[in-house]
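# Examination of the molecular architecture
Take a look at the letters that make up each chain.
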Amino acid sequence: MRADAARNRARVLQVAREQMAKGDDSLMLNTIARLAGVGVGTVYRHFPNRHALLEVLLAERFQQLVREAQAAAADEDPLAGLHRLLRFTLGRALDDAGFAAVLGSASDADAQTSTMKAELDGAVARLLDRARRAGAIRHDIEADDVRRLLCGIEHAVRSGDNDAKYAEVYLGVLLEGLRPPR
C-alpha cells in the first residue's frame, strides 16, 4: 500500500473510532469520508461497505473473544468453561450491536475476520468435544450451532426491552438445552 493510501486508511479508521466513541455506530461511509477529509471513493476503496469497516474496527474485540474461547477450551471443567464463554460472548454481543453483527454474519469482508472466526470455531469445537466426552452436553451440537444460538439470544433480548434479566433467563434455557437427553 502506498504511504498516502495507508495514511488515508488510518485517518478513516481514526474518524470511525471517534464516531463510535461518541455513540454514533451508524458508520455512514459518506459522513466518515467528509470528517476524515478524504473522498468518498477513497473510503470505498478501503472499505466497500459498512460491514467491512466494522470488521476492521472490531478486530481487537474479536481477538479477545478468541482468547477467551481458547482459555475456556483449556479449562479443567469443560462445562464451566463453556458457561463462562457463553456469558462472556453474550455480554459482548449485548454491549455492542456491531460486534453481534460481525459474530453472526454468514460471510466476512476481511480475511482477518475469517481467520479469527476459524480460530474461534476451533477452540469452541475442542471445548465441545471435551464437554461431550464428559457427558455434559448433547452430541449433536457443533461450534457453529453455539454461535447461532447466542446470536438468537442477543436478538431476543434486544427485541424486547433489552433487560439484562432476560439475557440470564435465555442463557439458562440455552445451557439447559445443551444438556444431553436423559
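Residues numbered from 1 in each chain as written. Predicted model: local features only at pLDDT ≥ 70, side-chain atom pairs only at ≥ 80, totals over all residues. Heavy atoms only, no water.

## Things to note about helix α1 (residues 3-21)
In an α-helix, one full turn covers 3.6 residues, which means residues spaced three or four apart are oriented alike. Given a rise of 1.5 Å per residue, 19 residues ought to cover 27 Å, and the 27 Å separating the end C-alpha atoms of α1 matches this to within 8%. Among all positions in α1, only Ala 5, Val 12, Leu 13, Val 15, Ala 16 and Gln 19 are buried. End-on, the buried residues of α1 take up no more than an arc of 160 degrees, which puts them together on one face. Residues of α1 that are exposed and point more than 90 degrees away from the buried face comprise Ala 3, Arg 7 and Ala 21. (Helix = DSSP H or I, 4+ residues; strand = E, 2+ residues; numbered from the N terminus. Expected span 1.5 Å × (residues − 1). Buried < 20%, exposed > 50% of the residue type's maximum accessible area, 1.4 Å probe, protein only. Arc of directions from axis to C-beta.)

## Regarding the pattern of salt bridges
Summed over all chains, the structure comprises 14 salt bridges. With its nearest N and O atoms 3.1 Å apart, the salt bridge here joins Arg 87 to Glu 168. Here Glu 168 lies in helix α10 (residues 164-178) and Arg 87 lies in helix α6 (residues 78-95), a separation of 81 residues in the sequence. Across the pair Glu 154 and Arg 158 runs a salt bridge, and its minimum N-O distance is 2.3 Å. (Salt bridge = Lys/Arg side-chain N within 4 Å of Asp/Glu carboxyl O.)

## A few points about the packing of aromatic side chains
In this description, an aromatic ring pair is defined by two values, namely the gap between the centres and the angle between the planes. Using the criterion set out here, one finds two aromatic pairs in the structure. The lysine or arginine in question, Arg 61, covers the ring of Phe 99, its NZ or CZ lying 5.8 Å from the ring centre. (Phe/Tyr/Trp six-rings, centres within 6.5 Å; stacked < 30°, edge-to-face > 60°. Lys NZ or Arg CZ within 6 Å of the ring centre and 35° of its normal.)

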